[in-house]
Amino acid sequence: MPSILAPPPEGSDLKPVLGDPGVPLIGHTLQTMRDPFGIARNRYLRFGPVSWGWLLGRRTVTVQGPEAAETVLVNKDKAFANGPAWTYYIGPFFTRGIMLLDFEEHLHHRRIMQQAFTRPKLRAYMEAMGPGIERGVGSWTPGDGWRFYDHIKQLTLDLATDVFMGVELDRSEADRINGAFIDAVRAGTAYVRFPVPGLRWHKGLRARRVLEEFFRGHLPAKRSRGGDDLFAALCQAETDDGHRFTDDDVVNHMIFALMAAHDTSTITMTTMAYYLARHPEWQDRVREESRALGRRVPEFADLDALASLDLVMKEAMRLVSPVPALPRRAVKDTSVLGHHIPAGSTVVVPTLTNHRMPEVWKDPERFDPERFAEHRREDKVHKYAWAPFGGGAHKCIGMHFAGMQIKAVFHQILLTHRWSVPDGYEWPLDTTSLPSPADGLPVRLERLS
């Protein structure tokens, strides 16, 4: 039997949020991690677009569909806060990252950080990435069972250390930092949320210390010498009225930005690779487009010409949203689609499953990049039908960098390699944390002459 989250105020015409707590202690946590699409569909059909359940130790309201997403993400009456919600999941590991700040403080930090994502800065990052992409992709060894996810994750981390940090790391140090980021990200979905040695939460706290020590060790040189990387840009960034980041601010934002830059891009590129392997006609189409560009290393101005690759990237982000859910905390009584949301509620916008709702998307399980083409634009059915970068004041500040990096990497991969998977292969998508293939996406990689 469904139960209500909380009764609406007396005399109110608001409806209560219906739902159920699920299994004692665990709630719906394991089910949601194992089958997010099935659970979301089931709850939508049972309770409608706004429902509550027990997730990761919290009574959580899930809001499905673009109308509900817009209400929460645009946040017109400032009823929802990022910090208290994200802090519960990743706060100890990504302390005071830009996504964990709210209202005036968030806008203050965002104004400073935007100086690191201007078009001239993006152009400089693009130039800095070119040699690293060429070197990384050129080192790949063709063969069967080549794990795309593992190699692209290593490449994006290497690019992030080059472009974001401007620091040369040997392989062992790069692996140590990569491992710390993996442990920090995975800790956010730990069910045991205190530091038991060997478990996710404990590993995440240890990883945070590793990352802090790393960035603090390099910070003085970045303050004094500057550079074209993000680390130097955050050290030097200043608003028109003279505000700059403190050392703590720079460290916090670098840890968060590096995680966001290499994890989300890795997920998107792996998803693109999976669907391009299963749909070789699209792989051939985007490869011909890259060949027509006429240069191995693209320039910033070239990226708009990769129109088909842009369609593939958008469809990949629809099918597997890199950030699968966007949590908020209600800081006062409010409502979503006529449902009463009491102050203190955790509210989640499930982008991963929203992007596959049949009420919004035609044949949503099908890989169909043309749905984003100008003659169709299925995403235009609603402003928040497609929202992999979030929305409102917290829309991803690095979204243009992400698109630039993904296109630049894939352009070089397409010119130099072809890849495929066996007929009938379907990847085992692991959704216990950020979505990724449990098998690393093994492909047959061939080098093109």
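What this report covers is the structure whose coordinates are included nearby. Quick caveat, the model's predicted, so the values are computed rather than measured.

## Comments concerning a positive patch on the surface
Logical step 1: A surface patch of like charges, here positive, comprises Arg186, Lys203, Arg206 and Arg209.
Logical step 2: If you trace the backbone, Lys203 turns up in helix H9 (residues 200-225).

## Section: the packing of helix H7 (residues 148-165) against helix H11 (residues 247-278)
Logical step 1: Two elements in contact, H7 and H11, have axes whose closest approach is 9 Å; the angle formed by their N-to-C orientations is 145°. Pair H7 / H11 crosses with right-handed handedness. Residue-level contacts link Phe148, Tyr149, Ile152, Lys153, Thr156, Leu157, Ala160, Phe164 and Met165 of H7 to Met254, Ala257, Leu258, Ala261, His262, Asp263, Thr266, Met269, Thr270 and Ala273 of H11.

## As for the side chain of Thr270
Logical step 1: Within the secondary structure, Thr270 sits in helix H11.
Logical step 2: Judged by its relative accessible area of 1%, Thr270 is buried.
Logical step 3: Sequence-distant contacts of Thr270, that is, excluding residues within four places in its chain, are made with Phe148, Tyr149, Ile152, Trp427, Pro437 and Leu441.

## Examining the packing of aromatic side chains
Logical step 1: In this structure the tally under the stated criterion is 23 aromatic pairs.
Logical step 2: Ring geometry for Phe372 against Trp386: centres 5.6 Å apart, planes inclined by 65°, an arrangement best described as edge-to-face. Of this pair, Phe372 sits in the loop between helix H14 (351-354) and helix H15 (399-416) while Trp386 sits in the loop between H14 and H15; the two residues are 14 residues apart in sequence, bridging distant segments of the chain. As far as burial versus exposure is concerned, Phe372 and Trp386 are alike and both buried.
Logical step 3: Ring geometry for Phe410 against Trp419: centres 6.0 Å apart, planes inclined by 65°, an arrangement best described as edge-to-face. Neither residue differs from the other here; Phe410 and Trp419 are each classed as buried.
Logical step 4: Ring pairing ties together the aromatic residues Tyr274, Tyr275, Trp282, Phe367, Tyr425 and Trp427, which thus form one cluster.
Logical step 5: Directly above the ring of Tyr88 sits Arg193, whose terminal nitrogen or CZ lies 4.5 Å from the centroid.
Logical step 6: Here the basic side chain of Arg318 rests over the ring of Trp361, its NZ or CZ set 5.3 Å away from the ring centre.

## Describing H11
Logical step 1: Taking 1.5 Å as the rise per residue, H11 with 32 residues should run 46 Å; its terminal C-alpha atoms sit 47 Å apart, in good agreement.
Logical step 2: Judged by how many residues are buried, H11 sits mostly within the fold: 28 of 32 residues are covered.

## Notes on the sheet that holds strand E7 (residues 326-330)
Logical step 1: One open sheet accounts for seven strands, arranged E1-E2-E3-E4-E10-E7-E5; its pairing is mixed. At either end of the open sheet lies a strand with only one pairing partner, and these are strand E1 (3-4) and strand E5 (80-81).
Logical step 2: Taken together, the two bridges between E1 and strand E2 (residues 18-19) define a ladder with antiparallel strand orientation. Across the sheet, residue Ser3 finds its bridge partner in E2, namely Gly19.
Logical step 3: Relative to strand E10 (residues 346-349), helix H3 (residues 66-74) is tilted by about 125°, and along the sheet it contacts strand E4 (58-63), E5, E7 and E10.

Cut-off values and rules
- Residues numbered from 1 in each chain as written.
- Predicted model: local features only at pLDDT ≥ 70, side-chain atom pairs only at ≥ 80, totals over all residues.
- Heavy atoms only, no water.
- Patch = residues over 30% accessible without salt bridge, like charges linked within 9 Å, V, L, I, M, F, W, Y side chains within 5 Å.
- Areas by Shrake-Rupley, 256 points an atom, 1.4 Å probe, with all protein chains shown as cover.
- Salt bridge = Lys/Arg side-chain N within 4 Å of Asp/Glu carboxyl O.
- Lys, Arg positive; Asp, Glu negative; His and termini not counted.
- Charge placed at Lys NZ, Arg CZ, Asp CG, Glu CD.
- Helix = DSSP H or I, 4+ residues; strand = E, 2+ residues; numbered from the N terminus.
- Axes fitted to C-alpha atoms, helices over the stretch in contact; angles between N-to-C directions.
- Left-handed = near helix turned anticlockwise from the far one by under 90°.
- Contact = heavy atoms within 4.5 Å.
- Buried < 20%, exposed > 50% of the residue type's maximum accessible area, 1.4 Å probe, protein only.
- Phe/Tyr/Trp six-rings, centres within 6.5 Å; stacked < 30°, edge-to-face > 60°.
- Lys NZ or Arg CZ within 6 Å of the ring centre and 35° of its normal.
- Expected span 1.5 Å × (residues − 1).
- Pairing = 2+ DSSP bridges.

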